Each structure stands twice: as structure tokens, then as C-alpha cells.
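For reference, the chains in residue letters:
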Amino acid sequence: MKIVVGSSSMAKKIYFEEYFKDYDCEFVLGKDLGIEEPVENGLTSYKNALIKAHHYSRKSNLPAIALDSSLLFLDFPIDHPIQVGSHVKSPQGKELSPIEMKNYYQQLACKHGGKLRCAWIDAYALADGELEYCRDDKDISKDQSFYLCDESHEKFIASQPLDSISKNLSNVFFYDLEEPGENELLIKEDHGQNKYHLFVEKVVDEIAELLNLKRKQEGTMKEMRRFKQKMDKKEIVEILDRNTHGILSVYGLEGYPYPIPLSYVRVDQTLYFHCAKSGHKIDAILKNPKVSFCVVDDDTIVPEKFTTYFKSVIVYGSALIVNDEDERRKAFDALANKYSKDVAEHLKNEEIRKAGPAALIVRIDIEHMSGKKAIEYV
């Protein structure tokens, strides 16, 4: 399905493409269809998002989606003259250029002690004929608060003019927290504010349901939304090799997922484990060989920040029972060398000789690996 983005900003198109990547849809900018921008005369981001969505939908005869933001100064009443609401680009009735915007708000912060505590209120709207949808994040806006400052970062991106004078509540410039690309719209959850990310995911799911969007073809692995927290293959393999146990999940009885903690060893693109010759786990694997295996590498609770610093890996693949004697021996040797590496070789061989015949070796052929770590580790 083709959906019009109610904006002339390529950054917003990329933003929606990222969040809707699991759905079968295509985004196109209104300006690429020759549609002029509407007059945004709403007093709130909610009203302006709806104005844009309806305008682009009527002009294109296609569903249109829009995002609008208003700026709220949290330490001032809502009716105070300092408030600009949705008129961030034209605080005094005249539209400012990106550099004029930065200078205006920098001087405003200077007049009020060097910094102003702010929050963006974002609204998402959808219009398609008689269909209308809009949600804003005003209920969580204070959780996304930050400072506009009289200082300026050396980095300046015209599509995000206020980010060069924005700091988090720990007084760190946004641009010292991460390095967004030139065409990338900042996703607020990347600053550790995951309530916003969850809010946007809910909006995406609701819009997808309203438009009856289909998920992309089954069998393709879902990409991680928080791509900056994604681990590369080297780090994933290191975590698999240094840890001693994980949770195997199989398709169990009555369709319930069945998780089993077990020890394992990695050999190239394969995981091996040993187990008894019968049981629920083996019955499930014989019925459906598709499995996943999760390893938690770090789980550090940080009470004062109400969060956890974590690292974890999930492996997806197909499990099968190994019957080839040479491969069975190779797997037993790998397990013994991982878990009893300091034990004499002849003792390891003796244990394999005695216990080996009573055990099964199961191999998981790795088809996909995914690793994720807390944003604090990025």
C-alpha cells in the first residue's frame, strides 16, 4: 500500500520507513507528488497533524500520515508569552530559517538563566477519506524533558536546528550522546527515553490495523528497531563462547513454547548440547525442529536509574539428533574441553566412553543470530 508522508522532509520519510519496516507498505513524500504544503494554523500539534494528514490525503486520494511537534516550556504556565506551542518555526509570527531558529532559542535561554527545561509534544495523524486517527504523547511528554541552552554545540544540522543547543537533564549535549546521520530524524528513545519508543510502536500498530496493512512475507527475520543497540557478529560469537548456559525454546505440547535451561558449546555455525534419549524436549524437536536459544551475558540492575544494563543474544535455527559417530565424538570433545578444560585428557576420554552411549547429541544449525545491548554500552 502506498502512503503519503505529510511533509517535505526526507528525514520524516526515513523515520516512518524505519518504524513501519515490518509492514508491506511504501512511503512517498507529498512534495514528490507535486502537492504544496498546507497552512498550519492549529494551536496544537494534535490539530496541525490532522490538518496535514487531511490535506495530503485529499490531494493525493491516498492514505496520508503526518507528524507534528509542539514545544512546551515546563517551568512556565501554558498561557505564558514565552510558550510557542506548535509555532516553533515562527515564534513571533514570521517563519525563521534554521540558523535564525537556533539563535532565537539560544538567546531566549540566555534571558532565562542560561537554560530552559522543555519537552516536545508529538502528535501522529492518519487520514484516508472519512477515516481519521490522531494520537499525541502529552501524557508522557514530561518524561522526555531536556534543556535548551545558551551554549551551542559545534555540530549543526539544518533539518534539526535546535539539537545543537539541546542537552539532556545530566547537562550533556544530544550530539555527545550519539551521532545521527544527516538524513536521520532523532528517535527520542535513543536518549534512553523508551516510553516514547513504546508510544510510537503503539501508534504504528494502530495505524497498521486501521489500514489493514499486511506484515511482510513470513520467513524473513524481523530487524531490530533499536538498531544502535544491535551487536555485530563478532560480539555475538564472543558472548556465546564465554557463557556456560542458555535457554532453549521449542514448540511444546498444545502449542505452548517450552523453555529449557541447558549447557552448550559452539562449533563454527553450530551449537551442540547433550541430553537424555527421551523426554518432552526430544519429542518437541522431532515434531518441529525450529528452535531458538537465548544467552544472557549481562544483567546489571541500576536502581537509581530505574533500569538494567544488559547484553543478550538469541540464536535461531533447526535442531536435529546427531547419529554420525564421528560427529558425536567431536561434539563430546568440544563440550568436555569447554566445561572441563583443566581435567586430564585421559579422564575426559574415560567419561565420554562411559557416559556417551546413554546420551543424545543434538545439533542446532544456526540460521540467524541477534544480539542486543543496553544503550549505555553503545
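All of these numbers come straight from a predicted model, not from anything done at the bench. (Residues numbered from 1 in each chain as written. Predicted model: local features only at pLDDT ≥ 70, side-chain atom pairs only at ≥ 80, totals over all residues. Heavy atoms only, no water.)

A. Fine view of the state of the cysteines. Within this structure, the stated rule accounts for zero disulfides. Free of any disulfide, Cys110 has its nearest neighbouring cysteine sulfur in Cys149, separated by 11 Å. Its sulfur unpaired, Cys275 is 19 Å from the next cysteine sulfur, which belongs to Cys294. (Disulfide = S-S within 2.5 Å.)

B. Quick peek at the confidence of the model for the chain. Mean pLDDT for the chain: 88, with 92% of residues reaching 70 or above. Across residues 179–193, confidence stays below pLDDT 50; counting only partners more than four residues off in sequence or on other chains, it has 44 contacts. (pLDDT = per-residue confidence, 0-100. Contact = heavy atoms within 4.5 Å.)

C. Focus on the packing of aromatic side chains. Taken as a whole and judged by the stated rule, the model has 10 aromatic pairs. Arranged with centres 5.3 Å apart and planes meeting at 65°, the rings of Phe20 and Phe27 form a pair that is edge-to-face. When its relative accessible area of 3% is taken as the criterion, Phe20 is described as buried. Every member of this aromatic cluster is reached through a ring pair, and the members are Tyr15, Phe16, Tyr19, Phe20, Tyr23, Phe27, Tyr124 and Phe199. In this structure, Lys338 is placed above the aromatic ring of Tyr264, and the distance from its NZ or CZ to the ring centre is 3.9 Å. (Phe/Tyr/Trp six-rings, centres within 6.5 Å; stacked < 30°, edge-to-face > 60°. Buried < 20%, exposed > 50% of the residue type's maximum accessible area, 1.4 Å probe, protein only. Lys NZ or Arg CZ within 6 Å of the ring centre and 35° of its normal.)

D. Looking closely at the side chain of Lys348. Looking at where Lys348 falls in the secondary structure, it is placed in helix 8 (residues 345–355). With residues up to four places along the chain from it excluded, the contact list for Lys348 reads Ala336, Asn337, Ser340, Lys341 and Val343. (Helix = DSSP H or I, 4+ residues; strand = E, 2+ residues; numbered from the N terminus.)

E. Seen up close, the nonpolar core. The biggest cluster of nonpolar side chains holds 27 residues, and the ones touching the most others in it are Leu240, Leu248, Phe273, Phe293 and Val315. Residue assignment for this core shows that the elements contributing at least two residues are helix 5 (233–242), strand 8 (246–251), strand 9 (257–262), strand 11 (270–275), helix 6 (280–287), strand 12 (290–302), strand 13 (307–321) and strand 14 (360–373). The element that contributes the greatest number of residues to this core is strand 14, accounting for five residues. Tyr15, Tyr19, Val200 and Val204 belong to the second-largest nonpolar core, a separate cluster that totals 25 residues. (Core = buried A, V, L, I, M, F, W, Y, C linked by side-chain atoms within 4.5 Å.)

F. The arrangement of the sheet that holds strand 14 in detail. Spatial strand order, 9-8-12-13-14-11-10: seven strands in an open sheet with antiparallel pairing. Edge positions in the sheet fall to strand 9 and strand 10 (265–267), since each of these pairs with one other strand and no more. On average, each strand axis in the sheet is tilted by 35° relative to the strand beside it, whichever way the strands run. Relative to strand 12, strand 8 runs antiparallel, the two sharing three bridges. Across the sheet, residue Ser249 finds its bridge partner in strand 12, namely Ser292. In this fold helix 5 packs onto strand 10, strand 12, strand 13 and strand 14, with an angle of close to 135° to the strand it touches most, strand 14. (Pairing = 2+ DSSP bridges. Axes fitted to C-alpha atoms, helices over the stretch in contact; angles between N-to-C directions.)

G. Geometry of the side chain of Ser7. Among the structural elements, Ser7 can be located in the loop between strand 1 (2–5) and helix 1 (10–19). A relative accessible area of 10% means that Ser7 is categorised as buried. When near neighbours in sequence (up to four residues on either side) are disregarded, Ser7 contacts Lys12, Leu29, Gly30, Lys31 and Tyr56.

H. Layout of the pairing of strand 12. By the bridge criterion, 12 bridges tie strand 12 to strand 13 in an arrangement that is antiparallel. Across the sheet, the residue bridging to Val295 is Val313, located in strand 13. Taking the residues that link successive antiparallel strands as the turn, the strand 12-strand 13 hairpin has four residues, and the phi of Phe306 there is positive, at about 55°.

I. Inspection of the pattern of salt bridges at higher detail. Tallying each qualifying case throughout the model produces 20 salt bridges. Close ionic contact of Glu36 with Lys59 constitutes a salt bridge, the shortest N to O distance being 3.6 Å. In this pair, Glu36 sits in the loop between strand 2 (26–29) and helix 2 (45–60) while Lys59 sits in helix 2, placing the two residues 23 residues apart along the sequence. With relative accessibility at 44%, the residue Glu36 sits in the partly exposed group. Linked by salt bridges that have partners in common, Glu40, Lys52 and Asp68 make up one network. (Salt bridge = Lys/Arg side-chain N within 4 Å of Asp/Glu carboxyl O.)

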